[in-house]
Amino acid sequence: MTMKSTRRLMIAAGLAATFMQPFGTAAYATETINMIAIDGYPDKSMWVKEFSTFFIPRVNEELAKTGNYEIKWQEAYGGTIVKPRGVLEGIKLGLGDIGIVTTIFHTSALPSQGIAAVTPFVSSDARIVAKAVDEIAKEFPQVEKEFAAENQVYLATGVVLDTYQIFSTSPISSVADLEGKKVAAAGYNLRYLEGIEGAAGVQGGLPTFYNMVQTGVTEAAMLWPEAALTYNMVEVAPYMLKADLGAVNSKTLTINADVWAKLPEEVKTVIQNTAIEYSDRLAEVAMGEAAESVAGFIAGGGTVVEMTEEQRKAWADSMPNIAVEWATKLDSEGAPGSEMLRAYMAKLAAAGAVPLRDWAAELPN
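Scoring rules and cut-offs
- Residues numbered from 1 in each chain as written.
- Predicted model: local features only at pLDDT ≥ 70, side-chain atom pairs only at ≥ 80, totals over all residues.
- Heavy atoms only, no water.
- Pairing = 2+ DSSP bridges.
- Helix = DSSP H or I, 4+ residues; strand = E, 2+ residues; numbered from the N terminus.
- Axes fitted to C-alpha atoms, helices over the stretch in contact; angles between N-to-C directions.
- Contact = heavy atoms within 4.5 Å.
- Expected span 1.5 Å × (residues − 1).
- Buried < 20%, exposed > 50% of the residue type's maximum accessible area, 1.4 Å probe, protein only.
- Polar contact = N/O pair within 3.5 Å; in protein donor to acceptor, adjacent residues only side chain to side chain.
- pLDDT = per-residue confidence, 0-100.

1. Digging into the sheet that holds strand 6 (residues 182–185)
Strand order in the open sheet made by the six strands is 7-6-8-5-9-11, with mixed pairing throughout. Since the sheet does not close on itself, it has two edges, and those belong to strand 7 (200–203) and strand 11 (303–306), each with one partner. Strand after strand, the sheet turns through a mean of 30 degrees between neighbouring axes, direction not considered. The pairing of strand 6 with strand 7 spans four bridges and is parallel. Bridging across to strand 7, lysine 182 finds its partner in alanine 200. This element, helix 10 (residues 265–299), spans strand 5 (165–168), strand 9 (239–242) and strand 11 of the sheet and lies at about 125 degrees to strand 11.

This is the structure in structure tokens:
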């Protein structure tokens, strides 16, 4: 056999081997990337459940379209690696690669994330709040700068609640009824009570609110209906004051900066795009579950007391302007706090929100 004939046979054999591959499979190896996903809250929490059942499968689905990469996920929730307050530090130190940071616990490290929390009584629509916060993050480098200082890359905000309400051991219908009450809350929510005589916020979190009320540490807790239903608050606080304090961005999806730097561009693009889809989905789920959760609270023996618009306005007017305090403090540190506040309020107004108090209007000129 001549050398030319031998070469032809080798080429033919190679082509045959290629076409004998099972239909639809790649002729090259898929690169596997290991990733640890963390949150201190249990998987029954809505945002964790959606991360596990929507975000992860969606990323896998998108990566499978090319077959170039796949992610081998290790999911660690409910204190397996970190507690609820420990996600920020856990991702910073590399204990987890990607996770959901509860930003209300980190007002010093992540001050820009307080923008919705410092502007209560503006909107109870999780969708427009999530959109406005994400737009602020894109328009103002301050947001990414704060996460970069924690060795993290900001992916998307998460608005997991339609609006905060008050769940109490006895009926509350007015600002006067809140006088002298101790209310379990977290982060900036604690300050919503400052203008009410004798009322005090007591620092807590979703996993502790039930016990705080049950043991008499507080007489009420500030949370949202879906969480109240999930954590069985009706058993200890059977009265809900429908005050519609507003939707808040309390969660942010982030990824360790060192991990991010090593990821292929294709994987980065898929994660970024899916993070936005996850954010949109959380807002939709929050709005969808809101009415169902209130109905579930009532079915469980709860009573809903609706606060009048006059009483809601009285409560808003009684508060110190924590939005201006927040903005001017950022201004003093060289960050565009006032600009961010004005932009945020304008975005909500453009989306149809009608605030009971225009927090930005009180900014110094």
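2. What about helix 4 (residues 126–139)?
Between its terminal C-alpha atoms helix 4 stretches 20 Å, which fits the 20 Å expected from 14 residues at 1.5 Å a residue. Residues of helix 4 that are buried include every one of Ala126, Ile128, Val129, Ala130, Ala132, Val133, Asp134, Ile136 and Ala137, and no others. Buried-residue contacts for helix 4 involve helix 5 (142–148), strand 4 (152–158), helix 10 and helix 13 (337–350). Capping of helix 4 at its N-terminal end is provided by aspartate 125; its side-chain oxygen lies 2.9 Å from the backbone amide nitrogen of arginine 127.

3. Quick notes on the confidence of the model for the chain
The predicted model of the chain has a mean per-residue pLDDT of 92, with 93% of residues at 70 or higher. Segment residues 3–26: pLDDT under 50, and four contacts once partners within four positions in sequence are set aside and those in other chains are kept.

4. Focus: the sheet that holds strand 4
Pairing within the open sheet is mixed, and its five strands lie in the order 2-1-3-10-4. Taken across any chain shown, the strands that pair with only one partner, and hence form the sheet edges, are strand 2 (69–77) and strand 4. Averaged over all pairs of adjacent strands, the angle between their axes in this sheet comes to 25 degrees, without regard to strand direction. Examined bridge by bridge, strand 4 and strand 10 (residues 251–256) share six bridges and lie antiparallel to one another. By the bridge assignment, tyrosine 154 is partnered in strand 10 with threonine 254.

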